[in-house]
Amino acid sequence: MISMTINGRGQEFSGDGAMPLLWYLRDELGLTGTKFGCGVSACGACTVHLDGQAVRACVTPVSAAEGKKVVTIEGLSRDGSHPVQRAWREHNVPQCGYCQTGQIMQAAALLAATPRPSDAEIDRAMAGNICRCGTYIRIRTAIHAAAGKDRS
Amino acid sequence: MTSNTAGMERRDFVQLLGTGALVLVVSLSGCRRLSDALRGAPRTATTSVTPAAYLRLEDTGTVTVICHRSEMGQGIRTSIAMIVADELEADWSRVKVEQALGDEKTYGSQNTDGSRSIRDFYTALRQAGATGRALLEAAAAKEWNVPASEVEARDHVVAHRSSGRKLDYGQLVATARDLPMPGESAIRLKQPEQFRYIGKDMPIVDMADMITGAAQYGMDLRREGMLVAVIARPPVYGGTVKSVDSTAAEKVAGVERVVRLESTPPPSGFMPLGGVAVLARNTWAAIQGRQQLRVEWEKGPNATYDSAVFRGELERSVRRSGKVVRNQGDATRALQSASKRIQADYYIPHLGHAQMEPLAALATFENGKCDIWAPTQHPQAARDTVALALKIPVEDVRVSVTLLGGGFGRKSKPDFIVEAALLARETGKPVKVVWTREDDIQHDYFHTVAAQHLEGGLDASGKVTAWLHRTALPSIMATFVPGTVYAGEGEVGQGVTDLPFAVPNLRCENGPAAALTRIGWYRSVINIPHAFAIWSFADELAHAAGKDPKDFFLQLIGPERIIDMTKAGLAMKPWNYDRSFEDYPIDTARYRRVLELVADKSGWGKPLAKGRARGIAVHRSFLSYVATVIQVEVKSDGTVSIPRADVAIDAGTVVNPDRVRAQMEGATIMGIGNTLYGEISFKEGRPVQSNYTDYQVARIDAAPREFGVYIVPSKDLPGGVGEPGVPPVAPALCNAIFAATGRRIRSLPVAKQLVGGIASAG
């Protein structure tokens, strides 16, 4: 039995601990906001927070979450009011939207560690998150906006 | 309908609405009213009626706009609702959007590709909204027993001018329901200056769902008792299963069944590739199960496809004369007598769609009927192909469209949906087919590979007197029609036969090329290779003539005029994206305007820091005109970065300028990825690449830090927006690299050529 907290709730997983967290979240818990994009940690669509760190759920075995706190997009805020989500709305970032939950989780982790990132720091932190629609210009703008607003 | 609204003639409406669809029927409070309408709808004298149910009004006053086009990031669910709500004079906060089922009879074509949603349906949607407004006004007039001319609908309320009485739309539904449909004379389209939403930046309707994880894509579909299927497909196009040992796969915990799927011999069209499906209780088990399959494949006729060898064949094909597709004057003689003659060959490899959401579809099969939920650009093709594959009537297939996690043309092809339908019938359970990223890259409908040869002649003053363009590429039609070796008119019509140059001697040829894999359309399609070659070569000629490329391009395009395609020397039908040249002429004034606009805004001609330079290109595609300036910085180690991009677009009337800017940003960034890294190469019949690790796309560090989009204000008929931003990127970028380094990139992708090459030079 593997115990962890997911979005503030205790969860116990009894299956194969080698199963990636992604499929536990999506297929068993119905938390489909965490997306499948590549399965090899190359696109960032599945980004979640594990004890506050951004990780790729597609290559994180469920066993690695034992005793830890997992936060997914569904748990980032109750109503889409996290500063990053607000900035995303304000700057009309999403196009198809598929990668955006992963982008938002990555950006939230970046701002938690680096409250006022430069363009170069944003590029470094976000380079693992692909957006095939090409919303990168607005992602940068929105991260700067969220950085300005945080704690205000 | 009025005969002259919004500056358009009746002829234009007929054109815009397509065959037969002239009168729009507004559906009030659901199907009853729609079925009434279908029986007795008004019609014009000359055409049959194709009703379109785009709108529903509840007695709460809630307006539901039915969106019959697929949302894949272009913001169409928002734009369609904006158009209907505008003409309806609806309060945006009381407008909802509902996705239509796949049903061509009710909605007209739902094939969401070719950048055509707005240009095909702009007027139809306005008519739907205006009809609703007229009906509500008639209802209020009846309530108050006053002439309809004395009432006016505005912002969800109908008011009586003289008495000041008001009724909310919701209060009028009961009366409106029993009124006859308003006559043509009662339906007034707005003048553009009356628009409430059209032409204004509007946030997308799916925003809240997309940023909270609530948005539902095809991959997110779940049903009680559902099996997830992951399929091993023939590695080579045209291959088949020789034998399979599924013993180990069946032992994987969670795996329930292993099912063989028939292969479709090439050309397989929209039908699936076949293979062996592993069905399991969850996705992970299905993926694990597939890994345990032991399949022996019959590789089939394409087993020797090798991109390096094929490139040689294509290049040989364009070094000799091909099928003439356009001929004006005598280019051969003019080249011989030119005072300067130059030539160049260009090559671009296959590209993959690699949309963020890998393919996925859910199907159920019960009592002979198939129910589908899928992220499809083309629900009708899905419906027809599933019916064909299952041998059941089309009416027994229902297709619901989810949000698409990107499409770019890949999700027009329903092969993955048919797989789900076949497996649902086979197992009797709901089946979701999931493609992994490896499946997606390896079994794409690939953007075609192309080789081109260009020759140009300059006179003593540096003016172009002769232009020869030869193109050879495996045609998309080869995926559907056996034995296809020449490009279709729609393929050479994307850049070659529609070339707008003021050059007296112009010859365009198409060399033969067989397709050895599945070829498909990818965002902006054959405009990608053609724009790359044409505007790179034009830049080469500019430098040979010692002229500024922007000025040279303006001279090449020549004076403001409409190109007369009947006198353009075409040896085949001209292509104009399914539109007439009367409505959408090739207008050099519009080429010139976007070129001059982008040059002005980008600071064209102004000095830049060392290592930096600009490149420029312009292209008309999907009936819109886009000019792009890319600024590059090339470091001594050959690393290319793009600090700035500027894009000017003339797309005629635009509905949501924010989404137009978003499409220009996204298309440019996708174009940068295509140009710098994009390459799918084949060896022993199969793609070498298999994931984002080796099929590289643009990441945030490739995106310009500064980005400007300039929309030409226009009341012209709407053009496309989703695709036209891509074609100018590759030539503008490579022209900039040349300006920065003196190195001419004639073969894509750029990346591996510059590393080393520049370093050793510097």
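Residues numbered from 1 in each chain as written. Chains lettered and ligands numbered in written order. Predicted model: local features only at pLDDT ≥ 70, side-chain atom pairs only at ≥ 80, totals over all residues.

## Quick notes on the overall build of chain A
Here's step 1: A tally of regular secondary structure across chain A gives six helices and five strands.
Here's step 2: The order of helices and strands in chain A, counted from the N terminus, is β-β-α-β-β-β-α-α-α-α-α.
Here's step 3: Oriented by its inertia axes, the alpha-carbon framework of chain A measures out at about 45 × 30 × 25 Å.
Here's step 4: Relative to its full complement of 152 residues, chain A shows a buried share of 59%.
Here's step 5: Of the contacts formed within chain A by residues at least 6 apart in sequence, a portion of 63% connects residues at least 24 apart. (Helix = DSSP H or I, 4+ residues; strand = E, 2+ residues; numbered from the N terminus. Buried ≥ 20, exposed ≤ 12 C-beta atoms within 10 Å, placed from the backbone. Contact = placed C-beta atoms within 7 Å.)

## Some remarks on the interface of chain A and chain B
Here's step 1: The partner chain B presents 49 residues to the 44 residues of chain A that form the contact.
Here's step 2: Secondary structure elements with two or more residues in the side of chain A that touches chain B: α1 (21–28), α2 (73–76), α3 (83–90), α4 (100–113), α5 (119–126) and α6 (136–149) of chain A.
Here's step 3: For the side of chain A that touches chain B, the per-class residue count stands at 23 nonpolar, 14 polar and seven charged. (Nonpolar A, V, L, I, M, F, W, Y, C, P; charged D, E, K, R; others polar.)

## What to know about the pairing of strand β25 (residues 640–650) of chain B
Walk down a regular strand and you will see the side chains alternate between the two sheet faces.
Residues and elements named next belong to chain B.
Here's step 1: Taken across its eleven residues, β25 has eight buried, putting it largely inside the fold.
Here's step 2: Of the strand pairs in this sheet, strand β24 (residues 624–634) and β25 are connected by nine bridges, and their pairing is antiparallel. The partner of Val629 across the bridge, within β25, is Asp646.
Here's step 3: Counting the residues that bridge the hairpin from β24 to β25 gives five residues, and of these Gly638 lies at a positive phi of roughly 90 degrees. (Pairing = 2+ DSSP bridges.)

## Focus on helix α17 (residues 549–557) of chain B
Residue and element names in this part refer to chain B.
Here's step 1: Of all the positions in α17, only Pro549, Lys550, Phe552, Phe553, Leu556 and Ile557 are classed as buried. Taken end-on, α17 shows its buried residues confined to a sector of 160 degrees, consistent with a single buried face.
Here's step 2: Summarising the contacts, the buried residues of α17 are in contact with β21 (464–472), α16 (527–545), α18 (588–602), β23 (612–621) and α20 (729–741).
Here's step 3: Count one or two residues on from α17 and you reach Gly558, which has phi positive near 85 degrees. (Arc of directions from axis to C-beta.)

## Side note on the domain arrangement of chain A
Residues and elements named next belong to chain A.
Here's step 1: Its domain assignment divides chain A into domain 1 (2–76) and domain 2 (83–149).
Here's step 2: Contacts between the two partners involve 16 residues from domain 1 and, on the opposite side, 14 residues from domain 2.
Here's step 3: Of all the secondary structure elements, the ones that give two or more residues to the side of domain 1 that touches domain 2 are β3 (47–50), β4 (53–56) and α2.
Here's step 4: Counting residues per element, the side of domain 1 that touches domain 2 draws most heavily on β3, at three residues.
Here's step 5: Here the side of domain 1 that touches domain 2 is composed, by residue class, of seven nonpolar, eight polar and one charged. (Domains from an automatic or database assignment.)

## Section: the pairing of strand β16 (residues 360–366) of chain B
All names here are of chain B.
Here's step 1: The buried fraction of β16 amounts to six of the seven residues, a majority that puts the element mostly inside the structure.
Here's step 2: Examined bridge by bridge, β16 and strand β17 (residues 369–374) share five bridges and lie antiparallel to one another. Of the residues in β17, the one forming a bridge with Thr364 is Asp371.
Here's step 3: Once β16 ends, the chain turns through two residues before running back antiparallel as β17, passing Asn367 with a positive phi of about 50 degrees.

## Notes on the domain arrangement of chain B
Residue and element names in this part refer to chain B.
Here's step 1: Taken domain by domain, chain B comprises domain 1 (4–212), domain 2 (218–301 + 359–434) and domain 3 (321–351 + 445–761).
Here's step 2: Between the C-alpha centres of domain 2 and domain 3 there is a distance of 37 Å.
Here's step 3: The partner domain 3 presents 14 residues to the eleven residues of domain 2 that form the contact.
Here's step 4: Class assignment for the residues of the side of domain 2 that touches domain 3 results in five nonpolar, three polar and three charged.

## Side note on helix α12 (residues 379–390) of chain B
Residues separated by three or four positions in an α-helix point in the same direction, a consequence of the helix having 3.6 residues per turn.
All names here are of chain B.
Here's step 1: Given a rise of 1.5 Å per residue, twelve residues ought to cover 16 Å, and the 16 Å separating the end C-alpha atoms of α12 matches this to within 8%.
Here's step 2: Of the residues making up α12, those classed as buried are Pro379, Ala381, Ala382, Arg383, Thr385, Val386, Ala389 and Leu390.
Here's step 3: In the core, the buried residues of α12 are packed alongside β17, β18 (397–401) and α13 (415–427).
Here's step 4: Of the residues one or two after α12, Lys391 is the one with positive phi, at around 55 degrees. (Expected span 1.5 Å × (residues − 1).)

## What about the sheet that holds strand β8 (residues 166–168) of chain B?
All names here are of chain B.
Here's step 1: Strands sit in the order β6-β7-β8 across an open sheet of three strands; the sheet is antiparallel. Edge positions in the open sheet fall to β6 (151–154) and β8, since each of these has one partner strand only. Within this sheet the neighbouring strands show an average axis-to-axis angle of 20 degrees, counted without direction.
Here's step 2: Where strand β7 (residues 157–160) lies against β8, three bridges are found, and the strand directions are antiparallel. (Axes fitted to C-alpha atoms, helices over the stretch in contact; angles between N-to-C directions.)

## A look at the sheet that holds β23 of chain B
All names here are of chain B.
Here's step 1: Read across the open sheet, the four strands follow the order β23-β24-β25-β28; overall the sheet is mixed. Edge positions in the sheet fall to β23 and β28 (706–711), since each of these pairs with one other strand and no more. Along the sheet, successive strands turn relative to each other by an average axial angle of 15 degrees, direction set aside.
Here's step 2: Here six bridges tie β25 to β28, and the two strands are oriented parallel to one another. Looking at β28, one finds that Arg644 is bridged to Glu706.
Here's step 3: In the packing of α20 onto the sheet, the strands contacted are β23, β24 and β25, and the crossing angle to β23 comes to about 155 degrees.

## A short note on the nonpolar core
Residue and element names in this part refer to chain B.
Here's step 1: Among the nonpolar cores identified, the biggest contains 280 residues, and Val65, Val84, Ala229, Val278, Ile372, Ala421 and Ile737 are the most heavily contacted of them.
Here's step 2: At 13 residues, the largest contribution of residues to this core is made by helix α5 (residues 117–144).
Here's step 3: When residues no more than four places from it in sequence are discounted, the contact partners of Ile372 are Ala361, Ala363, Ala382, Val386, Val397, Arg398, Val399, Ser400, Ile417 and Ala421.
Here's step 4: Among the nonpolar cores identified, the runner-up in size contains five residues, and Tyr577, Tyr584, Phe622 and Leu623 belong to it. (Core = buried A, V, L, I, M, F, W, Y, C linked by C-beta atoms within 7 Å.)

## Some details on the environment of Ala382 of chain B
Residues and elements named next belong to chain B.
Here's step 1: One can find Ala382 in helix α12.
Here's step 2: Judged by the 30 C-beta atoms lying within 10 Å of it, Ala382 falls in the buried class.
Here's step 3: Residues Ala382 and Val397 lie 15 residues apart in sequence; the distance between their C-alpha atoms is 9.1 Å.
Here's step 4: Leave out the neighbours within four places in its chain, and Ala382 touches Gly102, Ile372, Ala374, Thr376, Val399, Pro414 and Ile417.

## Some words on unusual backbone geometry
Residue and element names in this part refer to chain B.
Here's step 1: With an omega dihedral of -5 degrees, the bond running from Pro266 to Pro267 counts as a cis peptide bond.
Here's step 2: Here the bond from Leu748 into Pro749 is cis, since omega is 0 degrees, no more than 30 degrees from zero.
Here's step 3: Note on placement: Pro749 falls in the loop between α20 and α21 (751–761).
Here's step 4: Positive phi, normally seen in glycine, also occurs at Tyr577, with a value near 55 degrees.
Here's step 5: With respect to the helices, strands and loops of the structure, Tyr577 is situated in the loop between α17 and α18.
Here's step 6: Even without glycine at this site, Asp578 takes up a positive phi of about 65 degrees.

## Let's talk about the packing of α12 of chain B against α13 of chain B
All names here are of chain B.
Here's step 1: The N-to-C vectors of α12 and α13 enclose an angle of 40 degrees; their axes lie 9 Å apart at closest approach. Taken together, the axis directions place α12 and α13 in an arrangement best described as oblique. The two elements α12 and α13 meet at a crossing, and its hand is right-handed. Counted together, Ala382, Thr385, Val386, Ala389 and Leu390 of α12 and Ile417, Val418, Ala421, Leu422 and Arg425 of α13 form the full contact between these two elements.
Here's step 2: By residue class, the composition of the contact of α12 with α13 is eight nonpolar, one polar and one charged. (Parallel < 35°, antiparallel > 145°, perpendicular 65-115°, else oblique. Left-handed = near helix turned anticlockwise from the far one by under 90°.)

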